[in-house]
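Here is what each chain is made of, one letter per residue.
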Amino acid sequence: MNDSQKFKKHLDTLIHCRLCPDMVGNPVHGGIPGAKIMSIGQAPGIHEEKFGRPFAYTAGKTLFKWFLSIGIEEEIYRSKVNMAAVCRCFPGKAKSGDRKPNPSEVENCSRFMRFEVEFNRPELIIPIGKLAIDQLVENKNYKLDEVIGKKFKKNYYGVELDWIPLPHPSGLNVWNHSREAKILIAKSLDLIRKHPSIKREFFSKD
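Within any chain, residue numbers begin from 1 and follow the written order of that chain's sequence. Per-residue local features are limited, in this predicted model, to residues with pLDDT of at least 70; the limit for side-chain atom pairs, both in listing and counting, is 80 or more; totals at the level of whole chains, interfaces and linings are taken over all residues. To obtain the side-chain values, all non-hydrogen atoms of the structure were included, while hydrogens and water were left out.

Identification of the chain as Uracil-DNA glycosylase from Leptospira hartskeerlii is taken from an unreviewed UniProt entry.

Right, dumping it as structure tokens:
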């Protein structure tokens with residue numbers, strides 16, 4: 001089985017996964033074989049399955065507005081970045097916003113994350129939102145203003161890589177609206193823009 005067939009088999013396994021009985025709907029993916037940049041969302045929203053791709057609704061509009069501010073257009077981003085998520089199915093609604101996936105759901109879905117990291121060997125991961133950041137940070141007792149606006153290094157599933165976090169772009173995330181948060185988000189975006197993998201994939205003159 002060649003690499004293309006391996007990744008195709010991975011995606012086929014992913015979209016047919018039904019391991020978590022409390023998840024709503026079917027898995028959503030933005031898998032790109034060979035991509036050296038990976039973003040990790042938390043989980044799809046209620047509309048993502050209909051569109052068949054991550055960040056396809058209101059939070060996505062904010063996210064891609066952020067990326068456009070550093071010269072990266074949505075469709076080009078989607079064609080070059082492996083868009084993963086901690087969980088690939090919609091978790092359902094909670095009293096306020098979407099339900100947070102539980103530890104067993106995160107564990108069940110981690111096999112897909114592991115495969116994509118080991119297969120693609122990304123140079124940069126962009127975790128988007130606290131649940132995604134939790135997968136990479138060592139000390140879970142952090143505040144967003146301690147990690148947003150910074151670049152980190154990590155050995156993740158055996159791959160040495162950089163990671164630059166962003167907050168979740170949901171309108172319900174009140175953290176994003178403070179003056180300090182906007183400054184830190186801009187710092188993260190600038191670090192992303194300057195990363196060698198981003199410069200090569202999005203801004204190379206060749």
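Attention now moves to the environment of glutamate 49. Secondary structure is summarised from DSSP: a helix means a run of H or I of at least four residues, a strand means a run of E of at least two, and numbering begins at the N terminus for each. The residue glutamate 49 is located in helix α2 (residues 48-51) in this model. The spatial distance from the C-alpha of glutamate 49 to the C-alpha of cysteine 89 is 8.2 Å, given a sequence separation of 40 residues. In this structure glutamate 49 touches Gly25, Asn26 and Val28, once residues within four positions along its chain are discounted. Among the polar contacts listed, one links the side chain of glutamate 49 to the backbone nitrogen of asparagine 26, at a separation of 3.0 Å. Note on contacts: a residue pair qualifies if any of its non-hydrogen atoms lie within 4.5 Å across the two residues. N or O atoms within 3.5 Å of each other form a polar contact, as long as, within protein, one can give a hydrogen and the other can take it, and as long as residues adjacent in sequence are counted only when both atoms are side-chain atoms.

We now examine the state of the cysteines. Cysteine sulfur atoms are paired as a disulfide whenever they fall within 2.5 Å. Counted according to the given criterion, the structure contains 0 disulfides. Unpaired in this structure, cysteine 87 has its nearest cysteine sulfur neighbour in cysteine 109, at a distance of 4.9 Å.

Between the rings of Phe, Tyr and Trp (Trp by its six-membered ring), a pair exists once the centres lie within 6.5 Å; its type follows the angle of the planes, with under 30 degrees stacked, over 60 edge-to-face, and the other angles tilted. Counted according to the given criterion, the structure contains 10 aromatic pairs. With a centroid separation of 4.5 Å and an interplanar angle of 25 degrees, the aromatic rings of phenylalanine 67 and tyrosine 77 are classed as stacked. Here the residue phenylalanine 67 occupies a position in helix α3 (residues 58-68), and tyrosine 77 occupies one in helix α4 (residues 74-80), the gap between them amounting to 10 residues. Like tyrosine 77, phenylalanine 67 is buried. Accessible area is worked out with a 1.4 Å probe on protein chains only. A residue is then buried under 20% of its type maximum, exposed over 50%, and partly exposed in between.

Take the side chain of serine 197 next. As for its position among the elements, serine 197 is in helix α9 (residues 196-203). Within the structure, the side chain of serine 197 is placed 2.8 Å from the side chain of histidine 195, a separation counted as a polar contact. Excluding anything up to four places from it in sequence, serine 197 contacts Ile37, Glu123 and Leu124.

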